[in-house]
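# A look at the structure
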Amino acid sequence: MLVGDQKHQFTRADLLSLPQTHASLPIACVEGWSAGADWSGVRLLDLLAAVGEYPGGDVRFRSLERTGIYGSSVLPQRHAVDRSTLIALTLNGETLDLDHGYPCRLIAPNRPGVLQTKWLSEIEVLP
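Here goes a summary of the coordinates provided. (Residues numbered from 1 in each chain as written. Predicted model: local features only at pLDDT ≥ 70, side-chain atom pairs only at ≥ 80, totals over all residues. Heavy atoms only, no water.)

### Comments concerning unusual backbone geometry
In this structure, Pro 103 follows Tyr 102 across a cis peptide bond, with omega equal to 15°. With respect to the helices and strands, the residue Pro 103 is situated in the loop between β8 (94–95) and β9 (105–107). One non-glycine residue with positive phi stands out, namely Asn 92, at about 50°. Residue Trp 119 is not a glycine yet carries a positive backbone phi of 55°. (Helix = DSSP H or I, 4+ residues; strand = E, 2+ residues; numbered from the N terminus.)

Written out as structure tokens, the structure is:
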């Protein structure tokens, strides 16, 4: 994770040791379906603060899936500061499985599922 000139690497165990937050947010697919879900994980704002002072701005998420349209997404600042935006570790009380983004994924309110980056490998606050 990169916040300004501060860089820190988190393992899944590190993320699990941080305060966990729950949020009920739907997954909305661009194909027209939506399903409600209960997520838990680390608030993005808390994770950013653990690395350095969040200066504001958009945040880029990169996936372990480097190619294709799901390789990265940019989260606008209005979502980055939303207290419901999580680096999710569980879905409906269960550890994320591979299809849902294990080891962790972005989940933010009011964003299509295609922009909720799975299999997170990097998070960077953009200048």
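### What to know about the environment of Arg 12
Take Arg 12: it is sitting in helix α1 (residues 12–17). The class for Arg 12 is buried, based on a relative accessible area of 18%. (Buried < 20%, exposed > 50% of the residue type's maximum accessible area, 1.4 Å probe, protein only.)

### Describing helix α2 (residues 44–51)
For α2, the set of buried residues is Leu 44, Leu 47, Leu 48 and Val 51. Projected down its long axis, α2 shows its buried positions confined to an angular sector of 100°, all on one face. (Arc of directions from axis to C-beta.)

### Some points on the side chain of Arg 111
Tracing the sequence through the fold places Arg 111 in the loop between β9 and β10 (120–125). With no salt bridge to any partner, buried Arg 111 finds its closest opposite charge in Asp 58, at an N-O distance of 8.6 Å. Side-chain polar atoms of Arg 111 contact the backbone oxygen of Val 74, separated by 3.5 Å. Setting aside residues up to four positions removed in sequence, Arg 111 forms contacts with Ala 28, Ser 73, Val 74, Leu 75, Pro 76, His 79, Leu 106 and Gln 116. (Lys, Arg positive; Asp, Glu negative; His and termini not counted. Salt bridge = Lys/Arg side-chain N within 4 Å of Asp/Glu carboxyl O. Polar contact = N/O pair within 3.5 Å; in protein donor to acceptor, adjacent residues only side chain to side chain. Contact = heavy atoms within 4.5 Å.)

Nothing here speaks to function; it is all geometry.
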